[in-house]
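# Coordinate analysis (summary)
Letter by letter, the chains look like this.
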Amino acid sequence: MMKTKTEIELEERLKKLEEEQSRQEFELRDLEEITRLENSLSENEPLTVTQSATATHEKIGKDVERLEHDLETINQVALAEMPRPLAQKKTSDPFVFDDSAFTLELPETQENKGAETGYIICLLFNQNKPTEWAEEGGGGWREAGKGFCYATIAQAKIRLDALRAKWPDYPIEMRKRI
């Protein structure tokens, strides 16, 4: 799967922030070692050295907090800027729904077997090549041109309403097949 320019930029920015955080963590460890050594030497030196080290330690701590906040903000922006289908995959669980509650009994007519012209239900995650709803095999999404074609708008509307109830955040719509 090709990554978008935004995804690549976000990954690069996240990597730079992680490297900066890692660098500052090493500096913080070095500072802690310096502070420990200064404490062991504090018997011979005045108190001002320890106060200076504490002030520097506090400044680095604030820098680390600021970087952590920036990283959290970037993660939130990255999620907000993701294409809707990718974000939806993280937030929805397809196993929560009881498929039997959405099974519709359409009248057994010639139209129910699939008409040549009529109405189809499309899933528009990809606007250029939408997938179509098929009734065969218990129902499911099929590639363009292989979906079930409803002879009447009423039949298509019944199925469309059921699918929208099942997947309320999915971009589903009815189209006419000629």
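Below you will find a few notes about this structure. A quick note: this is a predicted structure, and the numbers were derived from the prediction, not measured.

### Points about the pairing of strand β2 (residues 131–134)
- With two bridges connecting them, strand β1 (residues 118–123) and β2 associate as antiparallel partners. By the bridge assignment for β2, Cys122 is matched with Glu132.
- Of the strand pairs in this sheet, β2 and strand β3 (residues 140–142) are connected by three bridges, and their pairing is antiparallel. Counterpart to Glu132 in the pairing with β3 is Arg142.
- With antiparallel pairing between neighbouring strands as the criterion, β2 and β3 make up a hairpin whose turn holds five residues, including Gly137 at a positive phi of roughly 65°.

### As for helix α4 (residues 153–166)
- Over its 14 residues, α4 extends 20 Å from the first C-alpha to the last, a length consistent with the 20 Å expected when each residue adds 1.5 Å.
- Listed as buried for α4 are Gln155, Ala156, Arg159, Leu160, Ala162, Leu163 and Lys166. Down the axis of α4, the smallest arc covering the buried residues is 165°, so these residues share one side.
- Buried positions along α4 lie against β1, β2, β3 and β4 (172–177).

### Comments concerning the sheet that holds β4
- Taken in spatial order, the four strands of this open sheet run β3-β2-β1-β4, and their pairing is antiparallel. Of all strands in the sheet, those bounded by a partner on one side alone are β3 and β4. The average angle at which neighbouring strand axes cross in this sheet is 45°, direction not considered.
- Strand direction decides the pairing type here: β1 and β4, joined by six bridges, are antiparallel. Following the sheet pairing, Cys122 is matched in β4 by Glu173.
- Along the sheet, α4 makes contact with β1, β2, β3 and β4, crossing β4 at roughly 160°.

The rules we used
- Residues numbered from 1 in each chain as written.
- Predicted model: local features only at pLDDT ≥ 70, side-chain atom pairs only at ≥ 80, totals over all residues.
- Heavy atoms only, no water.
- Pairing = 2+ DSSP bridges.
- Helix = DSSP H or I, 4+ residues; strand = E, 2+ residues; numbered from the N terminus.
- Expected span 1.5 Å × (residues − 1).
- Buried < 20%, exposed > 50% of the residue type's maximum accessible area, 1.4 Å probe, protein only.
- Arc of directions from axis to C-beta.
- Contact = heavy atoms within 4.5 Å.
- Axes fitted to C-alpha atoms, helices over the stretch in contact; angles between N-to-C directions.

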